[in-house]
Amino acid sequence: MPPAAAASRASSSTPRPYPGSAPASRRFRGTIEPGPREATIAARHQIRPLAPAAADDDAIVTALTGLVNEVYAESEKGLWADGAVRTTERELAGLVRAGEIAVARLDGRITGCVRVHRLDPATSEFGLLAADPRHRGLGVGRELVRFAERRARAQGAGRMRLELLVPRERPHPSKEFLAAWYGRLGYVVAGKGTMEDSHPHLAPLLATPCDVMIYEKDLRAGTPIDDLAARLREFAADREWEPFHTPKNLAMAVAGEAGELLAEFQWLTPEESAAVMTDPAAGARVRGELADVMTYLVRLADTLGVDLVQAAHAKLDESERRYDPETYRGTARKAPPLP
């Protein structure tokens, strides 16, 4: 999204350095899938909408304005004339008052923000997505997008939209990174416009010709596992259990529930184990233990940013290469690792 105005519009629009920001050379590194440490850190962030009354809190508005302007100054470096900024304190306060801003916090400190608003009854849009550079690459941005999608679904929207400003005549590293990042989150290009058409009052502030790429995601197109992951995520968030859902704890929970599932088959003969579901009581216990294993496994994968279905297909691709049918038909021997 483009900046809201030139710095000359108001003294409050002057970009402010965000406290504790990372060096520019560290920004836009990393991938969308965080590792265990990063996922643990992301789980500790609490994402909540700002109350409209926060628009009158100068400290919050100033911090958010500084964060957004700093992040966009880096991600859109070279695209705007000197003095142009992404937003102003006045504009940001208006969005907070409208109930459109949500923030991520860690130990009470704002670490990121996102704007979510309705475009029409079927479509919502998110923008002003920004994460404190010290926390970028740790899953905060991904969790803010997920929050925006959950909020849009709760409001009845079936489609989410975003705009990405890109230079027309040359590649831009951070824009290429963001395009790939959004693609991994399920967003596809749905159209292209120009600043002159969509934001004519801002077009004169551009330092180079740019297009506005429109990305959309069908919020109704999730797989059953996606739906389960979202429900589990909300279940944990409603009870503020995210600090307990670390990868270590969830992995241990998977192992524990798998042990309880195993106990249902202990001492059964092969024939009895094959017929276990014919006993209503035993079948109910097995069904419950399978559900416990799956819910913890899905929650663990979601916390780690792993697409379970994609990972399973990738593993099956590897197994198909290792275990060719002619060599391993009817045998349980283990194949050597792939070269």
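All figures in this text were calculated on a predicted structure; none of them were measured in a lab.

1. A look at the side chain of R150
And then number 1: Along the polypeptide, R150 turns up in helix α4 (residues 140-154).
And then number 2: Not counting the four nearest positions on each side in its chain, R150 is found in contact with R233 and E234.

2. Topic: helix α7 (residues 224-238)
And then number 1: Over its 15 residues, α7 runs 21 Å from end to end, which matches the ideal 21 Å to within 8%, given 1.5 Å per residue.
And then number 2: Residues of α7 that are buried include every one of A229, A230, L232, R233, A236 and A237, and no others. Viewed along the axis of α7, the buried residues span an arc of 165°, placing them on a single side of the element. In α7, the exposed positions that point more than 90 degrees away from the buried face belong to P224, R231 and D238.

3. Some thoughts on the layout of surface pockets
And then number 1: If you add up the space inside the largest pocket, you get close to 1000 Å³.
And then number 2: What lines the largest pocket is a set of 34 residues, among which R146, L185, K217, D226 and D307 lie closest to the centre.
And then number 3: Broken down by secondary-structure element, the contributors of at least two residues to the lining of the largest pocket are α4, β9 (210-218), α7, α10 (280-304) and α11 (308-322).
And then number 4: Looking at the lining of the largest pocket residue by residue, the classes come out as 13 nonpolar, five polar and 16 charged.

4. Focus on the environment of A84
And then number 1: The residue A84 is located in strand β3 (residues 84-85) in this model.
And then number 2: Among the residues examined, A84 registers a relative accessible area of 22% and is labelled partly exposed.
And then number 3: In the structure, A84 is positioned 11 residues away from A73 in sequence and 8.8 Å away in space, judged by C-alpha atoms.

5. Considering the packing of α7 against α10
And then number 1: Interaxial distance between α7 and α10 falls to 9 Å at its minimum, and their mutual angle equals 85°. The angle between the axes of α7 and α10 places the two elements in the roughly perpendicular class. For the pair formed by α7 and α10, the contact residues are I225, L228, A229, L232, R233 and A236 on the first element and M294, T295, V298, R299 and D302 on the second.
And then number 2: Here the residues of the contact of α7 with α10 are counted per class, giving seven nonpolar, one polar and three charged.

6. Digging into the packing of aromatic side chains
And then number 1: Tallied over the entire structure, the rule returns seven aromatic pairs.
And then number 2: With a centroid separation of 6.4 Å and an interplanar angle of 45°, the aromatic rings of Y182 and Y215 are classed as tilted. Of this pair, Y182 sits in helix α5 (residues 173-184) while Y215 is found in strand β9, placing the two residues 33 residues apart along the sequence. Just as Y182 is buried, Y215 falls in that class too.
And then number 3: When the centroid spacing of 5.0 Å and the interplanar angle of 70° are considered together, the rings of Y323 and Y328 count as edge-to-face.
And then number 4: Take Y328: its relative accessible area is 15%, and that puts it in the buried class.
And then number 5: A cation over an aromatic ring shows up here: R86 above the ring of Y72, its NZ or CZ 5.3 Å from the ring centre.
And then number 6: Just above the ring of W241 sits the side chain of R239; from NZ or CZ to the centre is 6.0 Å.

7. Focus on the sheet that holds strand β8 (residues 188-194)
And then number 1: Sheet architecture is open: seven strands sit in the order β2-β4-β5-β6-β7-β9-β8, paired in mixed fashion. Either end of the sheet is taken by a strand with one partner, and the two such strands are β2 (46-49) and β8. Ignoring strand direction, the axes of neighbouring strands in this sheet form an average angle of 30°.
And then number 2: Across seven bridges, the pairing between strand β5 (residues 109-120) and strand β6 (residues 123-131) is antiparallel. Among the inter-strand pairings, R118 is bridged to a residue of β6, identified as S124.
And then number 3: The strands that helix α2 (residues 58-75) touches are β4 (101-106), β5 and β6; relative to β6, the one it contacts most, it runs at about 90°.
And then number 4: Packed onto the sheet, α4 meets β2, β4, β5, β6, β7 (159-167) and β9 and runs at close to 160° relative to β6.

8. Points about a nonpolar patch on the surface
And then number 1: A grouping of F235, W241 and F244 is seen on the molecular surface, where their side chains present a nonpolar patch of about 320 Å² in accessible area.
And then number 2: Within the secondary structure, F244 is located in the loop between α7 and α8 (247-263).
And then number 3: The class for F244 is exposed, based on a relative accessible area of 52%.

Cut-offs used in this document
Residues numbered from 1 in each chain as written. Predicted model: local features only at pLDDT ≥ 70, side-chain atom pairs only at ≥ 80, totals over all residues. Heavy atoms only, no water. Helix = DSSP H or I, 4+ residues; strand = E, 2+ residues; numbered from the N terminus. Contact = heavy atoms within 4.5 Å. Expected span 1.5 Å × (residues − 1). Buried < 20%, exposed > 50% of the residue type's maximum accessible area, 1.4 Å probe, protein only. Arc of directions from axis to C-beta. 1 Å grid on protein atoms, 1.4 Å probe; cavity = no way out; pocket = protein on both sides within 12 Å on 5 of 7 lines; lining within 4 Å. Points joined across faces, edges and corners; volume = space filled by probe spheres on them. Nonpolar A, V, L, I, M, F, W, Y, C, P; charged D, E, K, R; others polar. Axes fitted to C-alpha atoms, helices over the stretch in contact; angles between N-to-C directions. Parallel < 35°, antiparallel > 145°, perpendicular 65-115°, else oblique. Phe/Tyr/Trp six-rings, centres within 6.5 Å; stacked < 30°, edge-to-face > 60°. Lys NZ or Arg CZ within 6 Å of the ring centre and 35° of its normal. Pairing = 2+ DSSP bridges. Patch = residues over 30% accessible without salt bridge, like charges linked within 9 Å, V, L, I, M, F, W, Y side chains within 5 Å. Areas by Shrake-Rupley, 256 points an atom, 1.4 Å probe, with all protein chains shown as cover. Salt bridge = Lys/Arg side-chain N within 4 Å of Asp/Glu carboxyl O.

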